[in-house]
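Structural overview
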Amino acid sequence: IYIISVAARLLQVHPQTLRYYERAGLLKPTRSSGKIRLYSQREIERLRKIMRLTTELGVNLAGAEVIIDLTERLDALQQQTKQREEQLLAEIDTIRQELGKA
């Protein structure tokens, strides 16, 4: 977990840039009891993706948000598919074992 100044230093941006991204809805840092913004490693990685899309590829912030959201949804679907595949393979093994006993 990083405070805004450390996160900004890690990303080589001004802290105001991180505040702007928050206002734009691109990230939602948690807050300490004293209302200090706290950035997780996951948010740092998300910010790196945003910065790569905007600076290296010329995508605007709205486009970067869509790309990142779609990528995250795709990753989640791939994980769900993998879990379902593992469940089905386990069921197939169980059925094979039961048929072998018969």
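I will try to describe carefully the structure that is included in this document. Every chain begins its residue count from 1, and numbering advances along the sequence as written. Where local features are concerned, this predicted model is filtered to residues with pLDDT of at least 70; where side-chain atom pairs are given and counted, the filter is 80 or more; whole-chain, interface and lining totals use all residues. Hydrogens and water molecules were not included; the side-chain quantities draw on all heavy atoms of the structure.

1. Let's talk about helix α3 (residues 41-56)
Counted only if it meets this: Helix numbering and strand numbering both begin at the N terminus, where a helix is a DSSP run of H or I of at least 4 residues and a strand a DSSP run of E of at least 2. Helices are assigned an expected span. That span is 1.5 Å times one less than the residue count. The buried label goes to any residue with under 20% of its type's maximum accessible area, the exposed label to any with over 50%, and the partly exposed label to all in between, with areas taken from a 1.4 Å probe on protein chains only. Any pair of residues with heavy atoms lying within 4.5 Å of one another is described as a contacting pair.
With 16 residues, α3 extends 22 Å between its outermost C-alpha atoms, agreeing within 8% with the 22 Å of an ideal straight helix rising 1.5 Å per residue. Burial in α3 covers these residues: Glu43, Ile44, Arg46, Leu47, Ile50, Met51, Leu53 and Thr54. Against the buried residues of α3 lie β1 (2-3), α1 (4-11), α2 (15-23), β2 (30-31), β3 (37-39) and α4 (61-101). Among the residues trailing α3, Gly58 stands out with phi positive, at a value near 75°.

2. Points about the sheet that holds β3
In plain terms, the rule: One requirement defines pairing of two strands: DSSP has to find at least two bridges between them.
Judged by pairing direction, the sheet is antiparallel, and its three strands sit side by side in the order β1-β3-β2 without closing on themselves. Looking at strand neighbours, the two that pair on one side only are β1 and β2, the edges of this open sheet. One ladder, built from two bridges, connects β2 with β3; its direction is antiparallel. Paired with Thr30 across the strands is Leu38, a residue of β3.

3. Describing the side chain of Glu43
Filter applied, for reference: When charges are tallied, Lys and Arg are placed among the positive residues and Asp and Glu among the negative ones, while His and the ends of the chain are skipped. By definition here, a salt bridge exists when the distance from a side-chain nitrogen of Lys or Arg to a carboxyl oxygen of Asp or Glu is within 4 Å.
Tracing the backbone through its elements, the reader meets Glu43 in helix α3. In this structure Glu43 is buried but unpaired, with Arg42 as the nearest side chain of opposite charge at 7.5 Å. For Glu43, the residues in contact, after removing those within four places along its chain, are Lys28, Pro29, Thr30 and Leu38.

4. Looking at the packing of aromatic side chains
Let me state the cut-off plainly: Stacked, edge-to-face and tilted are the three classes for Phe, Tyr and Trp ring pairs, Trp counted by its six-membered ring, which pair at centre distances within 6.5 Å; planes under 30 degrees apart are stacked, over 60 edge-to-face, the rest tilted.
Applying the stated criterion across every chain yields a total of one aromatic pair. Centre to centre, the rings of Tyr20 and Tyr21 are 6.3 Å apart; their planes meet at 50°, and the pair counts as tilted. A residue is classified by how much of its surface remains accessible, and Tyr21, at 8% relative accessible area, is buried.

5. A few points about the nonpolar core
Nonpolar side chains in soluble globular proteins tend to end up buried together. Defined as follows: We define a nonpolar core as any set of buried Ala, Val, Leu, Ile, Met, Phe, Trp, Tyr and Cys residues linked to one another through side-chain atoms lying within 4.5 Å.
Ranked by size, the top nonpolar core spans 16 residues in total, and within it Leu11, Leu18, Tyr21, Leu27, Tyr39, Leu47 and Ile50 carry the most contacts. Listed by contribution, the elements that provide at least two residues to this core are α1, α2, α3 and α4. If you tally residues by element for this core, the top one is α3, at five residues. Beyond its immediate stretch of four places on either side in the chain, Tyr39 contacts Ile1, Tyr2, Ile3, Ile4, Ala7, Leu18, Glu22, Leu27, Pro29, Ile44 and Leu47.

6. Some thoughts on the side chain of Thr54
Along the chain, the position of Thr54 falls in helix α3. Setting aside residues no more than four positions away along its own chain, Thr54 makes contact with Tyr21, Val59, Asn60, Leu61 and Ala64.

7. Some points on unusual backbone geometry
Located in the positive-phi region is Gln12, a residue other than glycine, with phi close to 60°. Residue classification places Gln12 among the exposed residues on the basis of a relative accessible area of 75%. The residue Lys35 is not glycine, and still its phi comes out positive at about 70°. Structurally, Lys35 is set in the loop between β2 and β3. A relative accessible area of 62% means that Lys35 is categorised as exposed.

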